[in-house]
Amino acid sequence: MRQRVQVRRAAAELLRARRLPFVRPRPLVRGSAAGPDRRRRRGRPGHARSRRFPGLAPTQVRLPPASLLPALLPLLAPWGEAARRWLFNPFIDGEWWRAFTASWVHADWRHAALNSASLLLLAGLGGRRAAWALCALALLLPWLIAGLQMIPPEPQPFLGASGVVYGWWAAVAWLKRSETAGPWLAAALLLRLAWQGMWPNLGPGGEPVLWSAHVCGALLAPPLLLGLSCARRVVPAASPRSSAHS
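Keep in mind that what you see is a predicted model, and the values were worked out from it rather than measured.

(A) Quick look at the overall build of the protein. Within the protein, the regular secondary structure consists of 11 helices and zero strands. Starting at the N terminus and walking to the C terminus, you meet the elements of the protein as α-α-α-α-α-α-α-α-α-α-α. Considering only contacts in the protein between residues 6 or more positions apart, those separated by 24 or more positions represent 74%. Of the roughly 17400 Å² that the protein leaves accessible, carbon and sulfur atoms contribute 63%.

So, in structure tokens, the structure goes:
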């Protein structure tokens, strides 16, 4: 037995010295560490699959942008006669929440569907990159638009998310200003506002369109985005560093 082992060992050393890669020496003793390890490696689930498809990765579930939630809000909010309780009326004192709810209630279902479709389109164009900015604008723009409507000598009641739509339009154009779509979106926005200013039109239900709310939304969005981006940069820099002794 020892002679056989010595002969095999000498043959293996001879093969290594001659560098013959096409000849694989057999293990010296049955049941050595090489055999069981090889069998265990072959028995692992997915081992052969990883060799055949090295770039194969497990599927990742991508959640939709968070801006889709406010885009669907016009369809969930009241419209018609029920919306009169939530519209912005400058002649009613004490009901401060109307400044926010007026941008999400609508005159009828066609008015709500049109604004919701516009918001969904802009949310899709912005993608995940613009989701946080659009959500922040959905919270801030209604208050600012309602506040600016108090400046004219004869303020008018209003309802509808068209001011937020034009704010999102300007925001997406601003965020994509370095891409090809950015200048085109900005040009289309300016042409649309100029068209409405020169030839006022009516809404889908025959109600007058408040052009000043559209202009306010479009003009307020870029400064708000600049302020939010500056705040996001300042807050991490001003936060205290964590210490192990604290």
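(B) Looking closely at the packing of aromatic side chains. Tallying each qualifying case throughout the model produces seven aromatic pairs. Ring geometry for F88 versus F158: centroids 5.3 Å apart, planes at 50 degrees, classification tilted. Of the two residues, F88 sits in the loop between α5 (73-76) and α6 (98-101) while F158 sits in the loop between α8 (131-148) and α9 (162-175), which places them 70 residues apart along the sequence. We note that F88, like F158, is buried. Ring plane angle 25 degrees and centroid distance 5.6 Å describe the contact between F100 and W143, whose orientation is recorded as stacked.

(C) Region of the structure containing a nonpolar patch on the surface. Judged by side-chain polarity, L72, L75, L76 and L120 come together as a nonpolar surface patch covering roughly 360 Å² of accessible area. Within the secondary structure layout, L76 lies in helix α5.

(D) Local environment of the UniProt feature "transmembrane region" (unreviewed entry) in the protein. UniProt feature "transmembrane region" (unreviewed entry): in the numbering of this structure it lies at residues 130-151, 157-175, 182-199 and 211-231. From the first C-alpha to the last, residues 157-175 spans 32 Å; its make-up is 74% helix and 0% strand. Secondary structure across residues 211-231 comprises 100% helix and 0% strand; the distance between its end C-alpha atoms is 31 Å.

Conventions adopted
Each chain carries its own residue numbering, running from 1 in the direction its sequence is written. In keeping with the predicted nature of the model, local features appear solely for residues at pLDDT of at least 70, side-chain atom pairs appear and are counted solely at 80 or more, and the whole-chain, interface and lining totals rest on all residues. Calculation of side-chain values draws on the structure's entire complement of heavy atoms; hydrogens and water are dropped beforehand. Every helix listed is a DSSP run of H or I at least four residues long, and every strand listed is a run of E at least two residues long, numbered separately from the N terminus. Note on definitions: a residue-residue contact is assigned when non-hydrogen atoms from the two residues lie within 4.5 Å. Here the Shrake-Rupley method, with its probe set to 1.4 Å, supplies the accessible areas, and only the displayed protein chains count as covering residues. Pairing of aromatic side chains requires ring centres within 6.5 Å, counting the rings of Phe and Tyr and the six-membered ring of Trp. Pairs whose planes differ by under 30 degrees are stacked, by over 60 edge-to-face, and all others tilted. Only protein chains enter the accessibility calculation, which uses a 1.4 Å probe; a residue is then buried when its area is under 20% of its type maximum, exposed when over 50%, and partly exposed in between. To count toward a patch, a residue needs a relative accessible area over 30% and no salt bridge; like charges are then connected within 9 Å, while nonpolar side chains (Val, Leu, Ile, Met, Phe, Trp, Tyr) are connected within 5 Å. What counts as a salt bridge is simple: a side-chain nitrogen of Lys or Arg found within 4 Å of a carboxyl oxygen of Asp or Glu. UniProt positions are given in the numbering used here, feature names are shortened, and annotations may be inferred rather than shown by experiment.

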